[in-house]
Amino acid sequence: LYVDNGSAFRARHLALVCAKLGVTLETTLLGAYLGAVAGLQTDALKEPVARIAANEAQHLSVFRRLSGFGPIGTSFPRALTVDEASDALDAFAS
């Protein structure tokens, strides 16, 4: 006889909450790196930062899938300014 004391539900709920947090963080980080590429004055840094942005997009697709969404989101994600990225990340620093 199996009696569910709610732990299975709580575990699934926690996984969903964590995945949604991942979507929020990765969306912000992707936007921050895209904005950084546009603002860089040193050409040698543009490729590595763009590659980091691509990696953040891969992370985002995983978290979107875990959140119950399709893995592919916005075709052209929005680049964030330094101030926008800072403001978005402030919610996680306090």
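Scoring rules and cut-offs
Residues numbered from 1 in each chain as written. Predicted model: local features only at pLDDT ≥ 70, side-chain atom pairs only at ≥ 80, totals over all residues. Heavy atoms only, no water. Helix = DSSP H or I, 4+ residues; strand = E, 2+ residues; numbered from the N terminus. Rg over C-alpha atoms; globule rule 2.2 N^0.38 Å. Buried < 20%, exposed > 50% of the residue type's maximum accessible area, 1.4 Å probe, protein only. Contact = heavy atoms within 4.5 Å. Areas by Shrake-Rupley, 256 points an atom, 1.4 Å probe, with all protein chains shown as cover. Lys, Arg positive; Asp, Glu negative; His and termini not counted. Charge placed at Lys NZ, Arg CZ, Asp CG, Glu CD. Axes fitted to C-alpha atoms, helices over the stretch in contact; angles between N-to-C directions. Parallel < 35°, antiparallel > 145°, perpendicular 65-115°, else oblique. Left-handed = near helix turned anticlockwise from the far one by under 90°. Nonpolar A, V, L, I, M, F, W, Y, C, P; charged D, E, K, R; others polar.

Peer 1: Run through the overall build of the protein chain, naming residues and quoting values.
Peer 2: A count of helical and extended segments in the protein chain gives three helices and zero strands. When the helices and strands of the protein chain are placed in sequence order, the string is α-α-α. Scaling as 2.2 N^0.38, a compact globule of 94 residues should have a C-alpha radius of gyration of about 12 Å, whereas the protein chain reaches 17 Å, well beyond that. Expressed along its principal axes, the backbone C-alpha trace of the protein chain runs to roughly 65 × 30 × 20 Å. Counting over 94 residues, the protein chain shows a buried share of 18%. Of the contacts formed within the protein chain by residues at least 6 apart in sequence, a portion of 66% connects residues at least 24 apart. When the accessible surface of the protein chain is summed, it comes to about 6,900 Å², and 62% of that surface belongs to carbon and sulfur atoms. If you average the places of the 8 positive and of the 9 negative side-chain charges in the protein chain, the two averages end up 12 Å apart.

Peer 1: Explain the environment of T28 residue by residue, including any values.
Peer 2: The topology assignment puts T28 in helix 1 (residues 7-39). Separated by 52 residues in sequence, T28 and L80 have C-alpha atoms that sit 7.9 Å apart. Every residue in contact with T28, bar those within four places of it in the chain, is listed here: L80, A85, A88 and L89.

Peer 1: Could you give an account of the packing of helix 1 against helix 2 (residues 43-66), naming the residues involved and the relevant values?
Peer 2: In contact at an axis separation of 8 Å, helix 1 and helix 2 are set at 160 degrees when each is read in the N-to-C sense. The pairing of helix 1 with helix 2 is recorded here as roughly antiparallel in orientation. Handedness of the crossing formed by helix 1 with helix 2: left-handed. When grouped by side-chain class, the residues that make up the contact of helix 1 with helix 2 number 18 nonpolar, three polar and four charged.

Distances and angles like these do not, on their own, reveal function.
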